[in-house]
Amino acid sequence: MKGMCCGSTRGTRNTSTGFADIDTPSSPPSWRPTADVAALIARGQLLADIREFFRRLDVLEVQTPVLMPDTVSEPMIDSIAVLGGGWLQTSPEYAMKRLLAAGAPAIYQLGPVFRAGERGRWHNPEFTLLEWYRPGFDDQQLMQELSSLVDTLLGAAPYRQVRYGDLVARDLSGDAADLSYAQACAALPGRCFVTHFPRSQAALARLHADGETAARFELIVAGVEIANGYHENGDATQLRERFIADNVRRRALDKTEINPDEAFLSANAHGIPSCAGVAVGVDRLLMLQQSNRHIHEVLAFPALD
Amino acid sequence: MATYSTNEFKSGIKVMLEGDPCSILENEYVKPGKGQAFNRVKLRNLKTGRVWERTFKSGDSLDGADVMEAEMEYLYNDGEFYHFMKTDGSFEQFAASENLVADAKEWLREQDKFQVILWNDQPISIAAPNFVELEVVRCDPGLKGDTATGASKPATLSSGAVVRVPLFVNEGDVLRVDTRNKEYVNRVR
């Protein structure tokens, strides 16, 4: 008689949601989601609101594979290899750009991405990314559109822009620069776009006229990185050089080298329309909206240790 | 001794940092989307009790510290050292200097039990229990019936500590006291 043992407590009403709930005050059994029912409902609503936002703007939802034969070469992003071949995607960027090269209009994608080893209050190895591309937009126009999405989801608020160079001392580089940047961002109040990243930190972005800084931006909300965007660089030669440089760095760090994604490079050689694109961390938006302390509170089943 | 990598840093893990044994309190993973990952770690220096905050590159590691906590009974003071004995049946004894017992000194009563932190088998910290029950050896006479005015008076306990107590307390009473804030809790008998 499976299930009889817990029959006595079954049926306790959770009044806030109206869902039947089993009342177990101490050490919940492992089958339970770490997000409560209210958080599941908030997530469903957030996803619906995002889709409604893009429906109104006539941006097309697309689906590209979570499992693909190639992956990003970024030295500080570790992809998860799949037994039997291929990689879980860390972002749908390369696949979506291939759609743009094939003539797709403005497109967005909302789905799971994977990054090995990223665990913490704001990180889970699997998380939900919203990514969209706007042919004809530049970085400033896309920042505008992102602001209006964030206003829709979190309520309206003012946005500031600061330059990367105002946050990180010019003479810092490498890990010291990353640390300084992370600390500066954590201290940024309100909603703030960081712009004008040094060219070394903007793999896939166009350069500004100064030749030194790139058209990359990040959105920081209440000290948390929410989005990263570019006025995209579609120069296949530069992108190939980037793959090579990344692999040099990877060798130095004792990391697996990543084969250049030839399909992605060919799509760039064929030609990607001038566009801007941005990736947004959906779980973090939900945490900010719901005032959660830990990402586990908004995930049904986080990757536990 | 084992080493611990940043992803194994959990509350309660004991590590060596700058020559001192420390206990990890908090570990926050920080990573810019495309940048190096870090761990912002809070640790308590077990020798000084101070809380340190340090940032490590993710994947860095620290040596574990040979730290153990043991319950010990206070035996006596020989004028220079304070002597304690393990309560695990080993009868193993340890001598602690005056500055080591500093915080616990006014609560020391022979045969009472204390939490002692040992590093490389040497005591480095001695903590009184959160609550102790001690007899009043000196205070002004009690005022009968006064249980509600909230007024207080000083009382000296058998360990030497002086705490504020309600007016009805008498010499010879046994009181339960919170050692963390030196507050009277209640009269035991």
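These figures come from a predicted structure and were not determined experimentally. (Residues numbered from 1 in each chain as written. Chains lettered and ligands numbered in written order. Predicted model: local features only at pLDDT ≥ 70, side-chain atom pairs only at ≥ 80, totals over all residues.)

A few points about the overall build of chain B
Right, on to step 1. Along its length, chain B carries 1 helix and 16 strands.
Right, on to step 2. Expressed as lengths along the three principal axes of its C-alpha atoms, the size of chain B is roughly 70 × 40 × 25 Å.
Right, on to step 3. When each of the 189 residues of chain B is scored for burial, the buried share is 25%.
Right, on to step 4. When contacts within chain B are restricted to residue pairs at least 6 apart in sequence, those whose partners lie at least 24 apart make up 46%. (Helix = DSSP H or I, 4+ residues; strand = E, 2+ residues; numbered from the N terminus. Buried ≥ 20, exposed ≤ 12 C-beta atoms within 10 Å, placed from the backbone. Contact = placed C-beta atoms within 7 Å.)

Overview of the pairing of strand S7 (residues 107–114) of chain A
Right, on to step 1. As paired strands, strand S3 (residues 60–61) of chain A and S7(A) are joined by 2 bridges and run parallel to one another. When the sheet's bridge partners are listed, A:Leu60 is paired in S7(A) with A:Ile107. (Pairing = 2+ DSSP bridges.)

Focus on the interface of chain A and chain B
Right, on to step 1. Contact with chain A, which involves 15 residues of that partner, is made by 12 residues of chain B.
Right, on to step 2. At the level of elements, helix H5 (174–186) and strand S14 (224–231) of chain A are the ones that each hand at least two residues to the side of chain A that touches chain B.
Right, on to step 3. By residue number, the principal contributor to the side of chain A that touches chain B is H5(A), which donates 5 residues.
Right, on to step 4. The class makeup of the residues in the side of chain A that touches chain B is 5 nonpolar, 3 polar and 7 charged. (Nonpolar A, V, L, I, M, F, W, Y, C, P; charged D, E, K, R; others polar.)

Details of helix H2 (residues 93–101) of chain A
Residue and element names in this part refer to chain A.
Right, on to step 1. For H2, the full list of buried residues reads Glu-93, Tyr-94, Ala-95, Met-96, Lys-97 and Leu-100.
Right, on to step 2. Where H2 is buried, its residues touch strand S4 (67–68), S7, strand S8 (126–135), helix H7 (262–270) and strand S15 (275–281).
Right, on to step 3. Positive phi shows up at Gly-103, right after H2, with a value of about 105 degrees.

Looking at the environment of B:Pro21
Residue and element names in this part refer to chain B.
Right, on to step 1. Considering the arrangement of structural elements, one finds Pro-21 in strand S3 (residues 20–30).
Right, on to step 2. For Pro-21, a count of 24 C-beta atoms within 10 Å puts it in the buried group.
Right, on to step 3. Sequence separation of Pro-21 and His-83 is 62 residues, and the distance between their C-alpha atoms is 23 Å.

What about the sheet that holds S4(A)?
Right, on to step 1. Ordered by their spatial adjacency, 3 strands build an open sheet running S4-S6-S5 (chain A), and the pairing between neighbours is antiparallel. The open sheet terminates on both sides in strands that have one partner only, identified here as S4 and strand S5 (80–81) of chain A.

Here we look at the sheet that holds strand S10 (residues 113–119) of chain B
All names here are of chain B.
Right, on to step 1. With respect to topology, 5 strands assemble into an open sheet ordered S9-S8-S7-S10-S11, the strand pairing being antiparallel. At either margin of the open sheet sits one strand with a lone partner, and together these are strand S9 (93–96) and strand S11 (122–127). On average, each strand axis in the sheet is inclined to that of its neighbour by 45 degrees, with strand direction left out of account.
Right, on to step 2. Two strands pair when backbone bridges link them, and strand S7 (residues 67–77) and strand S8 (residues 82–86) are joined in this way by 5 bridges, in the antiparallel orientation. Bridge assignment links Glu-73 to a residue of S8, and that residue is Met-85. (Axes fitted to C-alpha atoms, helices over the stretch in contact; angles between N-to-C directions.)

Here we look at the nonpolar core
Right, on to step 1. Of all hydrophobic cores here, the largest spans 65 residues; its most connected members are A:Leu146 and A:Val280.
Right, on to step 2. Ignoring anything within four residues of it in the chain, the contact list for A:Val280 reads A:Leu129, A:Leu130, A:Ile226, A:Ala227 and A:Leu285.
Right, on to step 3. Within the second largest apolar cluster, 23 residues are counted, among which are B:Tyr82, B:Ile126, B:Val136 and B:Leu157. (Core = buried A, V, L, I, M, F, W, Y, C linked by C-beta atoms within 7 Å.)

Some words on helix H6 (residues 236–252) of chain A
Right, on to step 1. Between its first and last C-alpha atoms H6(A) spans 25 Å; for 17 residues at 1.5 Å apiece the expected length is 24 Å, and the two agree.
Right, on to step 2. Remark: A:Asp254 follows H6(A) within two positions and exhibits a positive phi of approximately 65 degrees. (Expected span 1.5 Å × (residues − 1).)

Comments concerning unusual backbone geometry
All names here are of chain B.
Right, on to step 1. Positive phi values are uncommon outside glycine, yet Glu-18 reaches one of about 50 degrees.
Right, on to step 2. Looking at the element boundaries, Glu-18 is found in the loop between strand S2 (14–17) and S3.
Right, on to step 3. Of note in this structure, Phe-91 is not a glycine but carries a positive phi near 60 degrees.
Right, on to step 4. Its location among the elements puts Phe-91 in the loop between S8 and S9.
Right, on to step 5. You can call Phe-91 exposed: it has 8 C-beta atoms within 10 Å.

Observations regarding the packing of H2(A) against H7(A)
All names here are of chain A.
Right, on to step 1. The geometry of H2 relative to H7 is characterised by a closest axis approach of 9 Å and an angle of 30 degrees between their N-to-C directions. Accordingly, the angle class assigned to the pair H2 and H7 is roughly parallel. Remark: the crossing between H2 and H7 carries left-handed chirality. Contacts from Tyr-94, Lys-97, Arg-98 and Ala-101 of H2 reach H7 at Ala-263, Phe-264, Ala-267 and His-270. (Parallel < 35°, antiparallel > 145°, perpendicular 65-115°, else oblique. Left-handed = near helix turned anticlockwise from the far one by under 90°.)

Structural notes on the environment of A:Phe53
Residue and element names in this part refer to chain A.
Right, on to step 1. Within the fold, Phe-53 resides in helix H1 (residues 37–57).
Right, on to step 2. With 17 C-beta atoms counted inside 10 Å, the residue Phe-53 sits in the partly exposed group.
Right, on to step 3. C-alpha separation for the pair Phe-53 and Leu-149, spaced 96 residues apart in sequence, amounts to 7.0 Å.

Structural notes on the confidence of the model for chain B
In regions of low pLDDT, the predicted coordinates are not meant to be interpreted in detail.
Right, on to step 1. Of all residues in chain B, 96% have pLDDT values of 70 or greater, and the mean over the chain is 89.
Right, on to step 2. With pTM at 0.78, the complex prediction returns an ipTM value of 0.76. (pLDDT = per-residue confidence, 0-100.)

Re the packing of H1(A) against helix H3 (residues 139–154) of chain A
Residue and element names in this part refer to chain A.
Right, on to step 1. Packing of H1 against H3 brings their axes to within 10 Å, and their N-to-C directions diverge by 145 degrees. Considering how the two elements wind past one another, H1 and H3 form a crossing that is right-handed. In this structure, H1 contributes Leu-46, Asp-49 and Phe-53 to the contact, and H3 contributes Leu-149, Thr-152 and Leu-153.
Right, on to step 2. Each residue belonging to the contact of H1 with H3 can be placed in one class, and the counts come to 4 nonpolar, 1 polar and 1 charged.

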